[in-house]
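Read off the chains here:
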Amino acid sequence: MSAVDNILDRTFGLSAKGVTASSEIRAGITTFLTMAYILFVNPSMLALTGIPFEDALFATAIAAFVGCIVMGLWANLPFALAPGMGLNAYFTFTVVGTVWNEGDGMLGETAIPLAGGGTWHMGPWEVALLAVFLEGVLFLILSLPQVGARTAMINAIPKDLKIATGAGIGAFLAIIGLREIGVVWDDGATLVNIGPHETWGLDHGALIGMLGLVLITVLMARGIKGAMIWGIMGASIWGWIFEAYDPYNDPNYAPLAGTPAQGSGGAGWNCLPSAEPGDPCMYSSAPDPGSIVSMPSLPEETLFAVFSSDTLSAVADNVDVFLLVLIAFFFVDVFDTAGTLYSVGRQAGYVDADDQLMNSDEAFMSDAAATIVGGLVGTSTTTTYIESGAGVEEGGKTGLVAVTVGILMLSGLFLSNLFQAIPTYAGACALVVIGAMMMKSVVDINWNDNEIVLPAFLTIVLMPFTYSIADGIAWGVIVYVAIKIGMQKTSEINPVMWAIAILMTMFYLGPGDQTTFEAIFGAIF
């Protein structure tokens, strides 16, 4: 064993976990490949708020790097962090602006006409970043071992609901992956439907993605190490050779060739909504060898923007709205992180005999630290990624996996063109496979207990149906408490579950067309 291997073994306890440095690094690369898209998607999305793309790219990479390094070196867990999908969408579309002609966002103040028609309402993104920063500080306080509020919360949730959370995240990953591949698409009549399979060919991302799924599964079944990496790279190279069509990045993905555009593709972050068929942003292409490496630069506008006098003045003028934004970020991130950590931790063997996540305080503090850094440099809330399951499924068990991902995320500042070239449908293959693996836990739920059947079921199905981990967990808890009340078994509800159920009910329901929190803050301010 070399000197480097000795250092890594002592730092991460590789031998005790039955792994090697090479296997952990391979698992880290696998996780990174499944979530490298965030290096392009997050800046592209935040750019809609007025944040410069280069600033958002820098912030995304730095926040992910800090979170992964802290998670790996302190918590010694194989979980990767980055600015969260869903949280960044809430930041962009609900807090800072609302799409097209629907009116101002929560902080909206400036209407900008778009070339393709419609209006984009944009508010002060600096205020939203301040909410992210303060949320991170609050998380850090609640995660301290002396406080332990976040650990107490996850430990208070009944085991069956926590297991259902893992299965629900699996279903959520699957629909995300299938949508990014192009197999599943929006349907106004049936909600979702299969994509236009009549058009699938060797140069279509949907077919390449499905073949990538088969390749990964066959390699895994044969016990070949790095199956997901080989599958992702195989699909990428195939797409580059054939310049394959990427349906996820076509905002005008229509049900059949020649029919009117339905706007039913994926997020379309590579293409503007006004993009025409044949636009090069919709097709896969290999990176130009001469432009793979580029030098990054410090953020010009977002660095420490949260402390500007204009930001603090805007908060003072909109205290009630600002508090609602802060609470929304807080609740969504609490449940997203708790559900992800428990589910991936259980998959990795980090849940003990008492059904408690090991090193949970350190894990929670890792994402809090990353969120604080992200808010300071210019990105939305940072959270643990469900794609961490890819590295775990590849055999990753220690913090070296997270450190590997963090270093690779930092390299995104220099190799962004290379990572952007990995087609969406290629990376999405791994998400579907991970989703299938995470669904295995559903057999451990006590389906013979009629009091747990509905809460567990809602926890599972609401995640893919609402596109939110937080919504699934929250309503599973609310319904669980309501059933226990109906069964006159309130003594079985612990104080933490009471608190979660009450706060979540206030967060979702209220008088008239307001939530309870909105009504309270409206009355106070």
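Reading guide: rules and limits
Residues numbered from 1 in each chain as written. Predicted model: local features only at pLDDT ≥ 70, side-chain atom pairs only at ≥ 80, totals over all residues. Heavy atoms only, no water. Helix = DSSP H or I, 4+ residues; strand = E, 2+ residues; numbered from the N terminus. Contact = heavy atoms within 4.5 Å. Areas by Shrake-Rupley, 256 points an atom, 1.4 Å probe, with all protein chains shown as cover. Buried < 20%, exposed > 50% of the residue type's maximum accessible area, 1.4 Å probe, protein only. Arc of directions from axis to C-beta. Expected span 1.5 Å × (residues − 1). Core = buried A, V, L, I, M, F, W, Y, C linked by side-chain atoms within 4.5 Å. Phe/Tyr/Trp six-rings, centres within 6.5 Å; stacked < 30°, edge-to-face > 60°. Axes fitted to C-alpha atoms, helices over the stretch in contact; angles between N-to-C directions. Parallel < 35°, antiparallel > 145°, perpendicular 65-115°, else oblique. Left-handed = near helix turned anticlockwise from the far one by under 90°. Pairing = 2+ DSSP bridges. Salt bridge = Lys/Arg side-chain N within 4 Å of Asp/Glu carboxyl O. Nonpolar A, V, L, I, M, F, W, Y, C, P; charged D, E, K, R; others polar. pLDDT = per-residue confidence, 0-100.

Participant: Quick one: what's the story with the overall build of the protein chain, residue by residue and with numbers?
Facilitator: Looking only at helices and strands, the protein chain has 21 helices and seven strands in total. The long-range fraction of contacts in the protein chain, counting pairs at least 24 apart against all pairs at least 6 apart in sequence, stands at 74%. Working note: accessible area of the protein chain is about 21000 Å², and carbon and sulfur atoms make up 64% of it.

Participant: Before we move on, could you go through helix 12 (residues 309–317) and cite the residues and values that matter?
Facilitator: Within helix 12 the residues assigned to the buried category are Thr311, Ala314 and Val315. One side of helix 12 holds all its buried residues, which, seen down the axis, span an arc of 100 degrees. For helix 12, the exposed residues set more than 90 degrees away from the buried face come down to Ser309, Asp310, Ala316 and Asp317. Residues of helix 12 that are buried make contact with helix 7 (125–143) and helix 13 (319–348).

Participant: I'd like a rundown of helix 17 (residues 424–438), residues and numbers included.
Facilitator: For helix 17, spanning 15 residues, the distance from its first C-alpha to its last is 21 Å, which sits close to the expected 21 Å at 1.5 Å a residue. Burial analysis of helix 17 places 13 of its 15 residues in the buried class, which makes it a mostly covered element.

Participant: Tell me what's going on with unusual backbone geometry, and back it up with residues and numbers.
Facilitator: Even without glycine at this site, Asn359 takes up a positive phi of about 55 degrees. Along the chain, Asn359 falls in the loop between helix 13 and helix 14 (360–377). Although it is not a glycine, Gln488 adopts a positive phi angle of roughly 55 degrees. Tracing the backbone through its elements, the reader meets Gln488 in the loop between helix 19 (469–486) and helix 20 (495–508). Note on Gln488: relative accessible area 74%, which makes it exposed.

Participant: Provide a residue-level description of the nonpolar core, including the pertinent values.
Facilitator: One finds Met71, Met409, Ile434, Val477 and Met504 to be the most contacted residues of the largest nonpolar core, which totals 102 residues. With 12 residues, helix 13 is the largest single contributor of residues to this core. In terms of nonpolar packing, the next biggest core, distinct from the first, is built from 25 residues, Ile51, Ala314, Leu326 and Phe329 among them.

Participant: Account for the packing of aromatic side chains, with residues named and values stated.
Facilitator: One pass over the full model with this rule turns up eight aromatic pairs. Ring centres 5.5 Å apart and planes at 85 degrees place the aromatic pair Phe133 and Phe307 in the edge-to-face group. With a gap of 174 residues between them, Phe133 in helix 7 and Phe307 in the loop between helix 11 (227–242) and helix 12 connect regions that are remote in the sequence. Note on Phe133: relative accessible area 13%, which makes it buried. A residue is classified by how much of its surface remains accessible, and Phe307, at 46% relative accessible area, is partly exposed. Here Tyr245 and Tyr283 contribute two aromatic rings whose centre-to-centre distance is 5.6 Å and whose plane-to-plane angle is 50 degrees, an arrangement assigned as tilted.

Participant: Break down the environment of Gly375 for me, with residues and values.
Facilitator: Along the chain, Gly375 turns up in helix 14. With 312 residues separating them along the chain, Gly375 and Ala63 place their C-alpha atoms 8.6 Å apart.

Participant: Outline the packing of helix 18 (residues 450–466) against helix 19, listing residues and values.
Facilitator: The geometry of helix 18 relative to helix 19 is characterised by a closest axis approach of 7 Å and an angle of 160 degrees between their N-to-C directions. The angle between the axes of helix 18 and helix 19 places the two elements in the roughly antiparallel class. You can see that helix 18 and helix 19 cross each other, and the crossing is right-handed. In contact with Glu451, Ile452, Leu454, Pro455, Leu458, Thr459, Leu462, Met463 and Thr466 of helix 18, helix 19 contributes Ile469, Asp471, Gly472, Ile473, Trp475, Gly476, Val479, Tyr480, Ile483 and Lys484.

Participant: Could you give an account of the pairing of strand 5 (residues 184–187), with specific residues and numbers?
Facilitator: Relative to strand 6 (residues 191–194), strand 5 runs antiparallel, the two sharing four bridges. Within strand 6, the residue paired with Asp187 across the bridge is Leu191. Here strand 5 folds back onto strand 6, and the loop between the two strands holds three residues.

Participant: Could you give an account of the pattern of salt bridges, with specific residues and numbers?
Facilitator: Taken as a whole and judged by the stated rule, the model has four salt bridges. The partner of Lys484 in a salt bridge is Glu451, and the shortest N-O contact between them spans 2.7 Å. Note that Lys484 is positioned in helix 19 and Glu451 in helix 18, a separation of 33 residues in sequence. Comparing Lys484 with Glu451 shows no difference in burial state: the two are buried.

Participant: Give a detailed account of the environment of Ser411, specifying residues and quantitative values.
Facilitator: Tracing the backbone shows Ser411 in helix 16 (residues 399–420). Take Ser411: its relative accessible area is 16%, and that puts it in the buried class. A C-alpha to C-alpha distance of 9.4 Å links Ser411 and Phe65, two positions 346 residues apart in sequence.

Participant: Describe the packing of helix 8 (residues 149–156) against helix 13, and please don't skip the residues or the numbers.
Facilitator: Where helix 8 meets helix 13, the axes come as close as 11 Å, and the angle between the chain directions of the two elements is 65 degrees. For the crossing formed where helix 8 meets helix 13, the hand is right-handed. The residues of helix 13 that touch helix 8, namely those facing Arg150, Met153 and Ile154, are Val334, Phe335, Thr337, Ala338 and Tyr342. Residues belonging to the contact of helix 8 with helix 13 are distributed by class as follows: six nonpolar, one polar and one charged.

Participant: Mind laying out the confidence of the model for the protein chain, listing which residues take part and the relevant values?
Facilitator: Scored by pLDDT, the protein chain comes out at a mean of 82, with 87% of its residues at no less than 70. Low pLDDT, under 50, characterises residues 98–106; the stretch is placed with 28 contacts to residues that sit more than four places away or in other chains. Low pLDDT, under 50, characterises residues 254–270; the predicted model gives this stretch 47 contacts beyond four residues in sequence or across chains.

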